[in-house]
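A look at the structure
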Amino acid sequence: MGRTEVDVVVVGAGFAGLYMLHRLRGAGLSAAVLEAGDGVGGTWYWNRYPGARCDSESYYYSYSFSEELQQEWEWTERYPTQAEILRYLEHVADRFDLRRDIRFGTRVTQAAFDDDTGRWDVRAESGERWSAQFLVTAVGCLSAANIPRIPGLDGFGGEWFHTGRWPHEGVDLAGKRVGVVGTGSTGIQAIPVIAEQAAHLTVFQRTANYSIPARNGPMTREFAAEVKAGYADIRARQRASTNGHPFTISPTSALAVTDEERRAVYEAAWERGGLRFRASFADLLADRAANDTASDFIRDKIRGIVHDPATAEKLVPLDHPFATKRPPIDTHYFETYNRPNVSLVDVGATPIEEVTATGVRTSDGEHELDVIVFATGFDAMTGPLLGIDIRGAGGVALRDRWAAGPVSYLGLQVAGFPNLFTITGPGSPSVLTNMPTSIEQHVDWITDAVEHLREEGVDRMEATTAAQDAWVAHVNEAAARTLLPEAGTSWYLGANVPGKPRVFMPYAGGFAAYVRACDEVAADGYPGFELT
Ligand code: N01
């Protein structure tokens, strides 16, 4: 079969792939975007589980690159639903005429760098092939579903689903006995909604989690007008922030105030709701004693909300400090355990042993179910990349290069893989930030780099091993300066996937510091990269 020749192949048509295509076109390059799904949207195409919505607020979980776009689009709620974000991304695809360069239903299985031609040979499951000078992965950090290998699942007589592969037509849960496995951000969003639909809901919780009320509500006209008038400032604050959100972290230590003052700050943050809770004090992620004050505050809230003391104690997280795992936000999550049709099974204490024909059997007995929902997360960050057989110079496989954990320079390139750019790759702030903000920064940086190569008549850009080693050491130091590695079961560490190397994957030095590092590299003519 012949190969389609383009300047750039982009893998994925979510937030990252769409904007990458738009920028490449603007730079006068030809591009093919290859997308496994039958539509745009990435995360928001696949994650259609009940209650799916974004934990970032709508007005800033959005593109900033087009003033017209951000002025014309109307968000309806403080936190956008999956359906609304998908409509937004479909609108973006149409408004910027992107679809004509996107191949849907096209799953990339292999990409190999040809040492002779200096081009990437990209193959899809269908056998189709593309040849490109540059390969850009826009595959997302949380797109490879982690489905636990529980004995007996194949023989289950009911239906089972992973939240990240939810059927487009929906699932009718009315009158059914439903089990949800997992209490991460996804489970915590889905559980209250499923509890309202199902006859009975059994939650299988392995590790208790913190959660802050979202306090969702309609987007008022006044607030929308205020946001639209203030976008320049909002976007500047996002870029200057630690996490890509337009709020600042308090400069005050949690230990520098009286108990009463601290409580008042936490109460106000709890009432305001949302991810901003963790910005209440300067040192919540840096100092254990400071963090304890927040963790204890939330534990008390859980005990106050959940009526049954034994259930409340099971729901109180004790194994990790607050926000060392990605903190969920919720709408009536803890309240849901007061419903008569909801029960909680602590599978940390009584592990799941098998799925039977009629339900889930833990070491404590069987729970009969019609439907099992796996809200068990993803093989994060590396999973989507290693799901493709990527081979760099000399035929070296990325799977081998990353056998002991991912390494990269700036999270953008891997030594030995010339002209391959990874949007929000491991070693970049990505999942520790508001994703569209990180995505735009990466896409802009990659576009500038490619334009630079063209201007200079350079064909090939490759991170040096020395620069990569130094960056990996810096990523490790940045994590070690925080409490983040203390969450021993976190997907940031790869600990949720059996056999995965335990390496803290995202860059925890803060978004603004990371942007400075990237900008300096570009301004200085790309030190740490070999341009040949
Ligand atoms: O996945 P998770 P998620 N038996 O890995 C449990 C983003 N997100 O889909 O903690 C029993 O966090 C596991 O238990 P444990 C966000 O970044 C964003 O919820 O490993 N249980 C845990 O409770 C988030 O962090 C939005 O002990 C098992 C749960 O399953 C990321 O996606 C919305 C198990 C998995 O939690 C992932 O969240 C939703 C097993 N074998 C999600 N295996 C936005 O707002 C796993 N678990 C944008």
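What this report covers is the structure whose coordinates are included nearby. All of these numbers come straight from a predicted model, not from anything done at the bench.

**Some words on helix α5 (residues 185-197)**
The sharpest bend along α5 reaches about 35 degrees and sits at isoleucine 191, with the proline proline 192 one to four residues further on. The buried count for α5 comes to 10 of 13 residues, which makes it a mostly enclosed element. Within the sequence span of α5, burial applies to Ser185, Thr186, Gly187, Ile188, Gln189, Ala190, Ile191, Pro192, Ile194 and Ala195. Each element contacted by the buried residues of α5 is listed here: β8 (177-181), β9 (200-205), β11 (329-330), α11 (333-336), β12 (342-346) and β16 (371-374).

**Description of the pattern of salt bridges**
With the rule as written, the count across this model stands at 32 salt bridges. For glutamate 77, the salt bridge goes to arginine 53, with nearest N and O atoms at 3.3 Å. You can see glutamate 77 sitting in the loop between α3 (67-72) and α4 (82-95) and its partner arginine 53 sitting in the loop between α2 (43-46) and α3, a full 24 residues away along the chain. According to the relative accessible area criterion, arginine 53 is partly exposed, its value standing at 23%. For the salt bridge of glutamate 57 with arginine 78, the shortest nitrogen-to-oxygen distance reads 3.2 Å. You can see glutamate 57 sitting in the loop between α2 and α3 and its partner arginine 78 sitting in the loop between α3 and α4, a full 21 residues away along the chain. Residues joined by salt bridges that share partners form a network here, namely Arg3, Asp121, Arg123 and Arg129.

**Regarding the site of the ligand**
For the ligand, the set of nearby residues contains 24 residues, the closest of which are Asp55, Thr186, Arg206, Thr207 and Lys325. Residue threonine 183 places a main-chain N or O atom 2.9 Å away from an oxygen atom belonging to the ligand. When the free accessible area of the ligand is taken as 920 Å², the share hidden by the protein chains comes to 88%. For the shell around the ligand, the element with the highest residue contribution is α5, accounting for three residues. Along the lines of polarity and charge, the residues of the shell around the ligand split into nine nonpolar, 10 polar and five charged.

**Some words on empty space enclosed by the protein**
Summed over all chains, the structure comprises six cavities of 30 Å³ or more. Surrounding the largest cavity, Pro406, Val407, Ser408, Pro426, Gly427, Trp471, Val472, Val475, Asn476, Val503, Phe504 and Met505 form its lining. Across the lining of the largest cavity, the residue classes tally to nine nonpolar, three polar and no charged. Every residue along the wall of the second largest cavity is listed here: Tyr59, Gln70, Trp73, Glu74, Trp75, Met219, Ala224, Val227, Lys228 and Tyr231. Sort the elements by how many residues they give to the lining of the second largest cavity and helix α6 (residues 221-229) lands first, with three residues. Taken together, the residues that form the lining of the second largest cavity break down as seven nonpolar, one polar and two charged.

**Looking at the packing of helix α1 (residues 15-26) against helix α14 (residues 435-456)**
In the contact formed by α1 and α14, the axes pass within 9 Å of each other and the chain directions differ by 35 degrees. Relative to α14, α1 is oriented so that their crossing is right-handed. Contacts between α1 and α14 involve Phe15, Ala16, Tyr19, Met20 and Arg23 on the former and, on the latter, Pro436, Ile439, Glu440, Val443, Asp444, Ile446, Thr447, Asp448 and Glu451. In the contact of α1 with α14, the residues fall into eight nonpolar, one polar and five charged.

**With respect to the environment of leucine 34**
One can find leucine 34 in strand β2 (residues 31-34). Residue leucine 34 is classed as buried on the basis of its relative accessible area, which comes to 1%. Here leucine 34 is in contact with Val9, Val10, Val11, Gly12, Arg103, Thr106, Val108, Val122 and Trp130, once residues within four sequence places are set aside.

**Digging into the sheet that holds strand β14 (residues 359-362)**
What links the strands of a sheet is backbone hydrogen bonding, and the strands pair in either a parallel or an antiparallel sense. Pairing in this open sheet of three strands is antiparallel, and the strands run β13-β14-β15 from one edge to the other. The sheet is open, and its two edges are formed by β13 (352-355) and β15 (365-368), each paired on a single side. The mean inter-strand angle of the sheet, taken between neighbouring strand axes irrespective of direction, is 25 degrees.

**Looking at the layout of surface pockets**
In this model, the second largest pocket occupies a volume close to 460 Å³. In terms of lining, the second largest pocket is formed by 25 residues, of which the most central are Glu57, Tyr59, Phe247, Arg272 and Arg276. Put simply, the parts of the chain that give the lining of the second largest pocket at least two residues each are α6, α7 (231-239) and α8 (259-272). Looking at the lining of the second largest pocket element by element, the count peaks at four residues for α8. Taken together, the residues of the lining of the second largest pocket sort by class into 12 nonpolar, six polar and seven charged.

What counts, and at which threshold
Residues numbered from 1 in each chain as written. Predicted model: local features only at pLDDT ≥ 70, side-chain atom pairs only at ≥ 80, totals over all residues. Heavy atoms only, no water. Bend = angle between axes of the 7 residues up to and from the residue. Helix = DSSP H or I, 4+ residues; strand = E, 2+ residues; numbered from the N terminus. Buried < 20%, exposed > 50% of the residue type's maximum accessible area, 1.4 Å probe, protein only. Contact = heavy atoms within 4.5 Å. Salt bridge = Lys/Arg side-chain N within 4 Å of Asp/Glu carboxyl O. Near = heavy atom within 4 Å. Polar contact = N/O pair within 3.5 Å; in protein donor to acceptor, adjacent residues only side chain to side chain. Areas by Shrake-Rupley, 256 points an atom, 1.4 Å probe, with all protein chains shown as cover. Nonpolar A, V, L, I, M, F, W, Y, C, P; charged D, E, K, R; others polar. 1 Å grid on protein atoms, 1.4 Å probe; cavity = no way out; pocket = protein on both sides within 12 Å on 5 of 7 lines; lining within 4 Å. Points joined across faces, edges and corners; volume = space filled by probe spheres on them. Axes fitted to C-alpha atoms, helices over the stretch in contact; angles between N-to-C directions. Left-handed = near helix turned anticlockwise from the far one by under 90°. Pairing = 2+ DSSP bridges.

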